[in-house]
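If you want the building blocks of each chain, they are given just below.
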Number of protein chains: 2
Amino acid sequence: MTKAGPSGDELVVMLAALANPLRMRIVATLAGGRDYVSHLAREIGVSRPLLHMHLQRLEAAGLIVGTLELSSDGKAMKYYEIADFDLHLTASALVEAVTTLTRPGSEKGPAPEEQS
Amino acid sequence: MTKAGPSGDELVVMLAALANPLRMRIVATLAGGRDYVSHLAREIGVSRPLLHMHLQRLEAAGLIVGTLELSSDGKAMKYYEIADFDLHLTASALVEAVTTLTRPGSEKGPAPEEQS
DNA sequence: ATCACGTGTAAGAATTGTCTTACGCATGAA
DNA sequence: TTCATGCGTAAGACAATTCTTACACGTGAT
């Protein structure tokens, strides 16, 4: 019954995404309901390009989801909303996560060679 | 009855501490029992100075605790062990954490002015 | 004295992350 | 056409992380 959580690598990305005051605030704000980028930027008091960057990070982590919609007056609006997440962080939870971790400082391509 | 979790700022520090493959591995390893720095470094396969840095970050976040002891043969050994932590991350949990957040890119002094 | 083991810290390179400013394009309304 | 609104992205500055290498100090045993 051990519900499969995110892989170690995914968990790192999620935690890194949440480990930032501004992004935390973004998530908290979105928890109050979906919103589109420009409005959210005004709401929080951040420049739109900056917000855009953070939204990408959050979406890449799977914590929020973006949808491009067309308003009645023909404008393209990008709405973001929270993705349901529920992370339980304990020592033992981490022990399991580490199991599915790719090498610490490992790279993109196929690993060059494993030396014993 | 709402058990007071860490403040928003503290939470950010904790998450940032865990959002790293190596530190995650360190915590997971320590979950198997306390250990001293040099041994832990060999165990994980990292240089001692590097490990030292990460241990500091983890300790600063309150996730691990270090104790300097003297072995029977007179050597100074620094033992680290896990501090009990149990973080539950959900959207609503973050909403509450954000309440106790110091301004995003803000500094020490009193906040300049609140503009509606 | 020298070696093996433990501790710590400092300096610098390489990489990421954060943020601002300045562009680009599209729409509807005036 | 021009303005206000929406979208995105690129370039550069600046700060923070991460990691290596090198050093310093302590002990007990050879």
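Up top is the structure.
Below: a short report on this structure. (Residues numbered from 1 in each chain as written. Chains lettered and ligands numbered in written order. Predicted model: local features only at pLDDT ≥ 70, side-chain atom pairs only at ≥ 80, totals over all residues. Heavy atoms only, no water.)

### Focus on the overall build of chain A
- Helix and strand content of chain A: five helices and four strands.
- Along its sequence from the N terminus, chain A presents helices and strands in the succession α-α-β-α-α-β-β-β-α.
- Within the span of chain A, comprising 116 residues, buried residues form 39% of the whole.
- Restricting to contacts in chain A with at least 6 residues of sequence separation, those with at least 24 account for 50%.
- Of the roughly 7000 Å² of accessible surface on chain A, 53% is carried by carbon and sulfur atoms. (Helix = DSSP H or I, 4+ residues; strand = E, 2+ residues; numbered from the N terminus. Buried < 20%, exposed > 50% of the residue type's maximum accessible area, 1.4 Å probe, protein only. Contact = heavy atoms within 4.5 Å. Areas by Shrake-Rupley, 256 points an atom, 1.4 Å probe, with all protein chains shown as cover.)

### Description of helix 2 (residues 21-30) of chain A
Residues and elements named next belong to chain A.
- The buried count for helix 2 comes to eight of ten residues, which makes it a mostly enclosed element.
- For helix 2, the full list of buried residues reads Leu22, Arg23, Met24, Arg25, Ile26, Val27, Ala28 and Leu30.
- For helix 2, the N-terminal cap is Asn20; the gap from its side-chain oxygen to the backbone nitrogen of Leu22 is 2.9 Å. (Polar contact = N/O pair within 3.5 Å; in protein donor to acceptor, adjacent residues only side chain to side chain.)

### A closer look at the sheet that holds strand 3 (residues 76-82) of chain A
Residue and element names in this part refer to chain A.
- Pairing is antiparallel in the open sheet, where three strands are placed in the order 1-3-2. Only two strands of the sheet have a single neighbouring strand rather than two, namely strand 1 (35-36) and strand 2 (64-70).
- As defined by bridge partners, strand 1 adjoins strand 3 across two bridges and the pair is classed as antiparallel. Bridge assignment links Asp35 to a residue of strand 3, and that residue is Tyr80.
- Contacts from helix 4 (residues 48-60) reach strand 2 and strand 3 within the one sheet, and its direction differs from that of strand 2 by about 120°. (Pairing = 2+ DSSP bridges. Axes fitted to C-alpha atoms, helices over the stretch in contact; angles between N-to-C directions.)

### What about the protein's contact with DNA strand D?
- The local shell around DNA strand D holds 21 residues, among which Tyr36, Ser38, Arg42 and Arg48 of chain A together with His54 of chain B are the closest.
- Considering DNA strand D, the proportion of its atoms within 4 Å of the protein that are sugar or phosphate atoms stands at 69%.
- For DNA strand D, a phosphate oxygen lies 3.0 Å from a polar atom in the side chain of Asn20 of chain B.
- At a separation of 3.2 Å, a phosphate oxygen of DNA strand D approaches a polar side-chain atom of Arg57 of chain B.
- Of all elements in the fold, only helix 3 (37-44), helix 4 and strand 3 of chain A together with helix 2 (21-30) and helix 4 (48-60) of chain B reach the threshold of two or more residues within the surface near DNA strand D.
- A total of four residues in the surface near DNA strand D trace back to one element, the largest contributor, which is helix 4 of chain B.
- Within the surface near DNA strand D, the residues separate by chemical class into eight nonpolar, six polar and seven charged. (Near = heavy atom within 4 Å. Nonpolar A, V, L, I, M, F, W, Y, C, P; charged D, E, K, R; others polar.)

### So, the nonpolar core
- Counting residues in hydrophobic clusters, the biggest one holds 70 residues, and the most contacted among them are Leu15, Ile26 and Leu89 of chain A together with Leu15, Ile26 and Leu89 of chain B.
- Excluding anything up to four places from it in sequence, Leu15 of chain A contacts Leu89 of chain A together with Leu15, Leu18, Ala19, Met24 and Leu89 of chain B. (Core = buried A, V, L, I, M, F, W, Y, C linked by side-chain atoms within 4.5 Å.)

### Looking at the pattern of salt bridges
Residue and element names in this part refer to chain B.
- Taken as a whole and assessed by the stated rule, the structure comprises three salt bridges over all chains.
- One salt bridge in this structure joins Glu69 and Arg34, with 2.6 Å as the shortest N-O distance. Taken together, the residues span a long stretch of sequence, with Glu69 in strand 2 (residues 64-70) and Arg34 in the loop between helix 2 and strand 1 (35-36) at a distance of 35 residues.
- The partly exposed category is assigned to Glu69, whose relative accessible area is 30%.
- Judged by relative accessible area, which is 40%, Arg34 ranks as partly exposed.
- A salt bridge links Asp73 to Lys75; the shortest N-O distance between them is 4.0 Å. Just as Asp73 is exposed, Lys75 falls in that class too. (Salt bridge = Lys/Arg side-chain N within 4 Å of Asp/Glu carboxyl O.)

### Considering the protein's contact with DNA strand C
- By nearness alone, 22 residues border DNA strand C, and Asp73 of chain A together with Tyr36, Ser38, Arg42 and Arg48 of chain B come closest of all.
- Those atoms of DNA strand C that come within 4 Å of the protein belong to sugar or phosphate at a rate of 67%.
- In the model, a base oxygen of DNA strand C is placed 2.4 Å from a nitrogen or oxygen of the Arg48 of chain B side chain.
- A distance of 3.4 Å separates a phosphate oxygen of DNA strand C from a polar backbone atom of Lys78 of chain B.
- At five residues, helix 4 of chain A tops the list of elements feeding residues into the surface near DNA strand C.

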